[in-house]
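Observations on the three-dimensional arrangement
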Amino acid sequence: MLISTLSPAEITRYARHLTLEGWGRETQERVKSSRALIVGAGGLGSTAALHLMAAGVGALRLVDNSRINLADLGQQVLFREQDLGKAKAAAAEQRLKDLNSFTLVESMVKVLSPHNVSRLTSDCQVIVDATNNSPAGLILNQAAAKLHLPLVSAWVWNMDGCLTTYWPGHGPCLTCSYQETYNSGPPALLSPLPGILGALQALEALRILGGLGAALLGRLLHFHGSSFHFTEKPLKPNSRCPTCQAHSRIGQLSEKPPGIRKTCKPPMRG
Ligand SMILES: [Zn+2]
């Protein structure tokens, strides 16, 4: 059980949140009592982790089995040359602990699998899929459907990036919209893209944990880095989706997901 009460030092540290209209101390304490799971500690996950830690999420669980190589340093700005060869999750944990000693970090150097996903997700309130559209997303989607958790997903390629939140029971899941969202684009990538999308994942996770505004459900946000604009397209639940059917989610969509209790001013779309 995470402690939610803010210490005097935390009140100073998060002063800009506490004075933010629609956020305030109650919301900050809700975020402090939350745990987020991030799967993937590359460019997306390490950026999302940095922002969630800086923002005061109570606990962060970071799962990744890969090691840092030279090519990673072009996009994964959390890591340094001295980290080459180290496990990403472990190196990230050390950097994140240096950033904010008021929050807990658990790094797990392991491969996400159907066998360990329940244990990794069971005490989390939000899941961030930072595996860049890998098959691990489907494993996370199954767990999200089973536990009724929001799954914040992003992926990047070239100068583009996409973001959406899957929340079975409140919107489409990953399996519902797999054909529309699956991307098998080239591995080419301009350096800032994972940082941009990773920061957006952190923002979306914070909005969900804090209950601020409507989650990005049924909406695929696409950032076009080459022309510097966003577009959006709707994602719909699939009545034949095996994941939703397995967890009896079709036909039970609610208009207002749990935890979404207030809206930014001016009102946000969605
Ligand atoms: Zn589905």
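Quick note: structure is the one above.
Below you will find a few notes about this structure. (Residues numbered from 1 in each chain as written. Predicted model: local features only at pLDDT ≥ 70, side-chain atom pairs only at ≥ 80, totals over all residues.)

**Thoughts on the pairing of strand β2 (residues 59–63)**
To keep things clear, this is the line we draw: Exposure classification rests on a simple neighbour count of other C-beta atoms within 10 Å of a residue's own: a residue reaching 20 or more is buried, one at 12 or fewer is exposed, and one in between is partly exposed. C-beta atoms are placed from the backbone. Only DSSP runs of H or I reaching four residues or more are called helices, and only runs of E reaching two or more are called strands; each is numbered from the N terminus. In this analysis, strands are considered paired if DSSP registers two or more bridges between them. Here is how to tell: hold the view so the strands point away, follow the path from the first strand over the helix to the second, and if it runs clockwise the crossover is right-handed.
For β2, a buried count of five out of five residues is recorded, marking the element as mostly surrounded by other parts of the structure. In β2, alternate side chains face the same way, and those of A59, R61 and V63 on one face and L60 and L62 on the other are all buried. Bridge analysis of strand β1 (residues 35–39) against β2 gives five bridges, and the strand direction is parallel. From the neighbouring strand, A36 faces β2, where its bridge partner is L60. As for the winding sense of the linkage, the β-α-β connection from β2 through helix α5 (residues 88–99) to strand β3 (residues 104–108) is right-handed.

**Notes on the pairing of strand β8 (residues 229–234)**
A small share of β8 lies buried, amounting to zero of its six residues. Across six bridges, the pairing between strand β7 (residues 219–224) and β8 is antiparallel. Residue pairing across strands places H222 opposite T231, the latter belonging to β8. Between β7 and β8, which pair antiparallel in sequence order, lie four residues; one of them, F228, sits at a positive phi of approximately 60°.

Shape descriptors only; they carry no functional weight alone.
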